[in-house]
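# A look at the structure
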Amino acid sequence: LLPLPYAAYMYSIFVGGTHIFFWIPINYLFFATSQKNTNATDSTLYLIFPGIVAVLIPPLSAWIIASYSYAVLFALAALLALIPLFFVWKYIPPEKHEAPLAPSTAAFKGLKTLTLLEGALHMFPAQVIPIYSLLFIRTPAEFGRFLSYLAFVALVIALLVAMRSDRLQRRKRYLYLLFIALSLATVLFAGKDANAWPAPH
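What you see is a predicted model; the values in this text were computed from it and never measured.

### Some points on the overall build of the protein chain
A tally of helices and strands in the protein chain yields 10 helices and 0 strands. Start at the N end of the protein chain and walk to the C end: the helices and strands fall as α-α-α-α-α-α-α-α-α-α. Per-residue burial for the protein chain yields a buried fraction of 14% across its 201 residues. Taking as baseline every contact in the protein chain between residues at least 6 positions apart, the subset at least 24 positions apart corresponds to 71%.

Rendered as C-alpha cells:
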C-alpha cells in the first residue's frame, strides 16, 4: 500500500510480531480446552473458518483488483485485520502464563522433529506452489479460482485425515506420511527441467 523502499522489512517485522503476540497466545488458549482424543478434529474445526475464507477470498480479491486496484485490496485487508483485534479485546479475558525456557523445551520432546520438518517444508505449499502456478495462469481471476480450488481440496483432506487420526489415536503416523509425501513432491519439483516449463506470461 505504501511505496516505501523499506516496506518489505516493515512487513516482515509486523508479520513476526503478529505470530508472537497474537497467534501463539490464541492457539494456546484454544488447545488448552481441547481433549486428547479430539485434538486433530478440534484443530481442523479451528481452521475451518480460515479454510472457508481461503476458498471465498481469492476470487473476490481478483474482482477487487480488476474493478479497482491492488491498493484498494490491501487497504481492505488491513481494515479486516482489525476484526480479530476487536474480538480478542472484547471476548478473551486476560491470562498470565509463565514458560521457563529449559522446562518448556524439555516438555516439547516428541514435537521437536515434527516442528523441524514442518518449518522446513512450510514454504513449499505456502510459496512455491503459488509461484509456479503463475507460469500457467494469466489473470488475477484465474489465480483466484486456482487458490480457491487448492483451499477447498486441502480443507476436505484435512477433515478426513483429522477424524481418522482421532479415531485411531496415531498422530505421528499421519504426520510422517504427509511430510514424506510433501518431501517427495518438493524433490520432484526441484528435479523438473526448467526448459520444460512454458514461458511465463
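On we go from here.
### Observations regarding the environment of Thr186
Mapping Thr186 onto the fold places it in helix α10 (residues 171-190). Looking at Thr186, the relative accessible area reads 25%, which means it is partly exposed. Expressed as a C-alpha distance, the spacing of Thr186 and Ile129, which sit 57 residues apart in the sequence, is 9.7 Å.

### A look at the packing of aromatic side chains
Evaluation of the coordinates by the stated rule reveals 4 aromatic pairs. Measuring from centroid to centroid gives 6.0 Å for Trp63 and Tyr68, while their planes differ by 80 degrees, and the two rings are edge-to-face. The exposure class of Tyr68 is exposed, given its relative accessible area of 55%. Each ring, one from Tyr70 and one from Phe74, has its centre 6.4 Å from the other, and the planes form 40 degrees; the classification is tilted. Of this pair, Tyr70 and Phe74 both sit in helix α4 (residues 70-80), 4 residues apart, which is roughly one turn of the helix. Residue class for Tyr70 comes out partly exposed when judged on its relative accessible area of 47%. Owing to a relative accessible area of 44%, Phe74 belongs among the partly exposed residues under this scheme.

### Some points on helix α1 (residues 7-31)
For α1, built from 25 residues, the straight-helix expectation of 36 Å at 1.5 Å per residue is met to within 8% by its first-to-last C-alpha distance of 34 Å. The sharpest bend along α1 measures roughly 35 degrees and falls at His19.

### Focus on the confidence of the model for the protein chain
The predicted model of the protein chain averages 75 in pLDDT, with 73% of residues at 70 or higher. For the protein chain, the element scoring lowest by mean pLDDT is helix α2 (residues 39-46), at 65; α4 scores highest, at 88.

Quick notes on the rules
Residues numbered from 1 in each chain as written. Predicted model: local features only at pLDDT ≥ 70, side-chain atom pairs only at ≥ 80, totals over all residues. Heavy atoms only, no water. Helix = DSSP H or I, 4+ residues; strand = E, 2+ residues; numbered from the N terminus. Buried < 20%, exposed > 50% of the residue type's maximum accessible area, 1.4 Å probe, protein only. Contact = heavy atoms within 4.5 Å. Phe/Tyr/Trp six-rings, centres within 6.5 Å; stacked < 30°, edge-to-face > 60°. Expected span 1.5 Å × (residues − 1). Bend = angle between axes of the 7 residues up to and from the residue. pLDDT = per-residue confidence, 0-100.

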